Amino acid sequence: MALAVIGAGVTGLSFAKAYGNVPVFEANASLGGKALSYKVDTEAGTFGFDVGGHWFHHQSAPGALKLLDGLPLISHRRHAYVYLEGRLYDYPIQQSYKQNPSRSFVGRVDEELREIGGKKLQYSNYAEMLINSYGPTLYNAFFRDYNRKMFGKEELASIAAGKYETVRNVRLTGNTDGYNHAFLYPKGDAGAQAIPLHLSKHVNVSFNTGVQAISLSRKTMQLKHKNHAWETIVSTIPLPLLIRLISDIEPEYLRLAEQLTSSKGFILNMGIKKKPFHEHKSWVYFPELKYHFYRLGFYSNIEPLLAPSGYSSIYVECSPLHFNTKSEAQLLLPKIIQELTEIGIIDEADDIVALRTFYLEQNYCMPDQKITSVLHRYLESNGIYSIGRYGSWHWSSQHEDMQQAVQLAEYLQSRHADQAFRTERSSFVPMK
Ligand SMILES: Cc1cc2nc3c(=O)[nH]c(=O)nc-3n(C[C@H](O)[C@H](O)[C@H](O)COP(=O)(O)OP(=O)(O)OC[C@H]3O[C@@H](n4cnc5c(N)ncnc54)[C@H](O)[C@@H]3O)c2cc1C
């Protein structure tokens, strides 16, 4: 079977490694997609950065972990906080709200959580899922504005609560510590990109080889300098982009793909002088709307080799409520530096010795299973499997994407020609 993989991020590489001997076409000059790392040399020394926190949450993904055999990974416990009204609360807030000095606030939350108790949660969208999980007081104090800032959406009721939204809800999973209480990170100074680098061993990747067009009728794809014949494609690029690349797509599918939306991302990576605020923190959530970022974290608190002594290597995730384009995002920089100073993350702008920005056209995909299931079924009937966080168009993390890639590889290896392939996209279970 002439199989081709599009994209050398963790999903495409995991598929290629699990399946064996398939070409991977990658538009960029380097591996990893969003799991990219780089170094910046300064007079103070060398800093290492990823694209925001890229911690490997490994729960329930044995197939993904197996692909990482031989890669030295260190296990960490989350030290996360919520910064609210000038005070730090342990994260998650539904366990630490009693740290709030207001007795009436604590009393209200106690009562609301008691009332919710063991009730079965009913919800029809993301906002309802949160209110019905944690009660209106915690929703108003933390969940509402934090999520508005993260998704860049004023109206949380317009977001569907799909499988991955519920996996991240501790009330629904019963795992009170949350999905990210422990995580793995590569040992050494290679950063998160050590994972795709490890996956790429013995995988045949063609760099600078973006797929420019795909023909379903002729079963060819157009690369930079040649056409490539295929019978099956495993694509990991954003689903709407994949649909746009298909030259003979039926217009109704194009119209559906155009309705899929996502948030944008703007990450600041900074090398800064170390301050007491940085000590013992993995990351901190900032729900208040007055701050233009929603989360920041400390790479060098996880791997000290990522910053010179006396400095921290950090990421700041800016809220897409405040920008729609890269140039609009750049305009936020002075405000954000001012806010970091107010909070005590830096004393003054001169404490920043390295600053790099990273703009993402897609960060969080807004799930719409009605549309994605139609598109996936159409693609699969034409021999194209669109997987990973952006290929599926859902909110997964690396381990879930890798697991999905392994499942697809197993399915394609064992498939009989006459067997229909159906994926229930929220869980990606191939029908055997
Ligand atoms: C800010 C941020 C923070 C995150 N934090 C975490 C975290 O802490 N833990 C975690 O597990 N996950 C995290 N994730 C999610 C994680 O990044 C994704 O789950 C994972 O990287 C998706 O990998 P992928 O291979 O499916 O897609 P991508 O990484 O997007 O890879 C797709 C690849 O396709 C290539 N490509 C695009 N167009 C073409 C084309 N036309 N032809 C050929 N190649 C093309 C791209 O260059 C890219 O290399 C985070 C994501 C973001 C954005």
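Residues numbered from 1 in each chain as written. Predicted model: local features only at pLDDT ≥ 70, side-chain atom pairs only at ≥ 80, totals over all residues. Heavy atoms only, no water.

Engineer: Can you help me understand the side chain of histidine 76 in this one?
Structural biologist: On the secondary structure map, histidine 76 appears in strand β5 (residues 73-77). In this structure histidine 76 comes out as buried when scored by relative accessible area, which is 15%. Setting aside its immediate chain neighbours within four residues, histidine 76 contacts His181, Ala182, Phe183, Tyr185 and Ile302. (Helix = DSSP H or I, 4+ residues; strand = E, 2+ residues; numbered from the N terminus. Buried < 20%, exposed > 50% of the residue type's maximum accessible area, 1.4 Å probe, protein only. Contact = heavy atoms within 4.5 Å.)

Engineer: Explain the sheet that holds strand β11 (residues 220-222) to me, please; I cannot follow it from the model alone.
Structural biologist: Backbone hydrogen bonds hold the strands of a sheet together, and the pairing may be parallel or antiparallel. Ordered by their spatial adjacency, three strands build an open sheet running β10-β11-β12, and the pairing between neighbours is antiparallel. Strands at the two margins of the open sheet, each flanked by one partner only, are β10 (213-215) and β12 (227-229). Each strand axis lies, on average, 20° off the axis of its neighbour in the sheet, ignoring direction. Pairing of β10 with β11 involves three bridges; the strand directions are antiparallel. Residue pairing in the sheet places alanine 213 in a bridge with glutamine 222 of β11. (Pairing = 2+ DSSP bridges. Axes fitted to C-alpha atoms, helices over the stretch in contact; angles between N-to-C directions.)

Engineer: Looking at this structure, how should I read the pattern of salt bridges?
Structural biologist: Oppositely charged side chains can form a pair if their charged atoms are brought close together. This model, assessed by the stated rule, comprises 10 salt bridges. Its salt-bridge partner being arginine 148, residue aspartate 145 comes within 3.0 Å of it at the nearest N-O pair. One end of the pair is aspartate 145 and the other is arginine 148, both in helix α5 (residues 126-151) and three residues apart, which spans about a single turn. Take arginine 148: its relative accessible area is 19%, and that puts it in the buried class. (Salt bridge = Lys/Arg side-chain N within 4 Å of Asp/Glu carboxyl O.)

Engineer: Got a minute to help me understand the packing of aromatic side chains in this structure?
Structural biologist: Each aromatic ring pair is summarised here by two numbers: the centre-to-centre distance and the angle between the ring planes. On inspection of all chains with the given rule, the structure shows 32 aromatic pairs. Seen in terms of ring centroids, phenylalanine 142 and tyrosine 285 are 6.4 Å apart; in terms of plane orientation they differ by 85°. Their pairing is edge-to-face. Here tyrosine 285 lies in strand β15 (residues 283-285) and phenylalanine 142 lies in helix α5, a separation of 143 residues in the sequence. Considering the side-chain rings of tyrosine 253 and tyrosine 378, the 3.7 Å spacing of their centres and the 15° angle between planes classify their relative orientation as stacked. Highlighted residues: tyrosine 253 in helix α10 (residues 251-258) and tyrosine 378 in helix α14 (residues 369-381), separated in sequence by 125 residues. Through a chain of ring-to-ring contacts, the aromatic side chains of Tyr38, Phe47, Phe49, Trp55, Phe183, Tyr185, Trp283, Tyr299, Tyr311 and Tyr315 assemble into a single cluster. (Phe/Tyr/Trp six-rings, centres within 6.5 Å; stacked < 30°, edge-to-face > 60°.)

Engineer: Any chance you could explain the pairing of strand β6 (residues 80-84) here in plain terms?
Structural biologist: The side chains of a regular strand alternate, residue by residue, between the two faces of the sheet. By the criterion of burial, β6 is predominantly enclosed, with five of the five residues buried. Residues of β6 alternate between two faces, with Ala80, Val82 and Leu84 on one and Tyr81 and Tyr83 on the opposite face, all of them buried. By the bridge criterion, three bridges tie β6 to β15 in an arrangement that is parallel. Paired with valine 82 across the bridge in β15 is tyrosine 285. Counting the residues in the hairpin turn of β6 and strand β7 (residues 87-90) gives two residues, including glutamate 85, whose phi is positive at 50°.

Engineer: Please clarify how the nonpolar core should be interpreted in this entry.
Structural biologist: Inside soluble globular proteins, nonpolar side chains tend to come together where they are buried. Among the nonpolar cores identified, the biggest contains 48 residues, and Trp55, Tyr126, Leu130, Leu138, Phe143, Phe151 and Leu156 are the most heavily contacted of them. Here the element with the most residues in this core is α5; it accounts for 12 residues. Two domains each provide a minimum of three residues to this core, namely domain 2 (37-60 + 73-78 + 182-191 + 263-360) and domain 3 (94-173). Ignoring anything within four residues of it in the chain, the contact list for leucine 138 reads Ile93, Gln94, Tyr97, Phe105, Val109, Glu112 and Phe143. If you look at the next biggest cluster of nonpolar residues, it comprises 34 residues, including Leu3, Val5, Tyr19 and Ala405. (Core = buried A, V, L, I, M, F, W, Y, C linked by side-chain atoms within 4.5 Å. Domains from an automatic or database assignment.)

Engineer: Where do I start with the site of the ligand in this structure?
Structural biologist: Lining the immediate environment of the ligand, one finds 32 residues, of which Thr11, Glu26, His54, Trp55 and Asp401 sit closest. A distance of 3.3 Å separates an oxygen atom of the ligand from a polar atom in the side chain of asparagine 28. A distance of 2.8 Å separates a nitrogen atom of the ligand from a polar atom in the backbone of valine 211. Relative to its free-state accessible area of 990 Å², the ligand is covered by the protein chains to the extent of 92%. Of all the elements in the fold, those that place two or more residues in the shell around the ligand are α1 (10-19), α15 (388-392) and α16 (398-414). With three residues, the top contributor of residues to the shell around the ligand is α15. Of the residues assigned to the shell around the ligand, the class counts are 12 nonpolar, 16 polar and four charged. Counting only domains with at least three residues in the shell around the ligand, you end up with domain 1 (3-31 + 200-260 + 366-414) and domain 2 (37-60 + 73-78 + 182-191 + 263-360). (Near = heavy atom within 4 Å. Polar contact = N/O pair within 3.5 Å; in protein donor to acceptor, adjacent residues only side chain to side chain. Areas by Shrake-Rupley, 256 points an atom, 1.4 Å probe, with all protein chains shown as cover. Nonpolar A, V, L, I, M, F, W, Y, C, P; charged D, E, K, R; others polar.)

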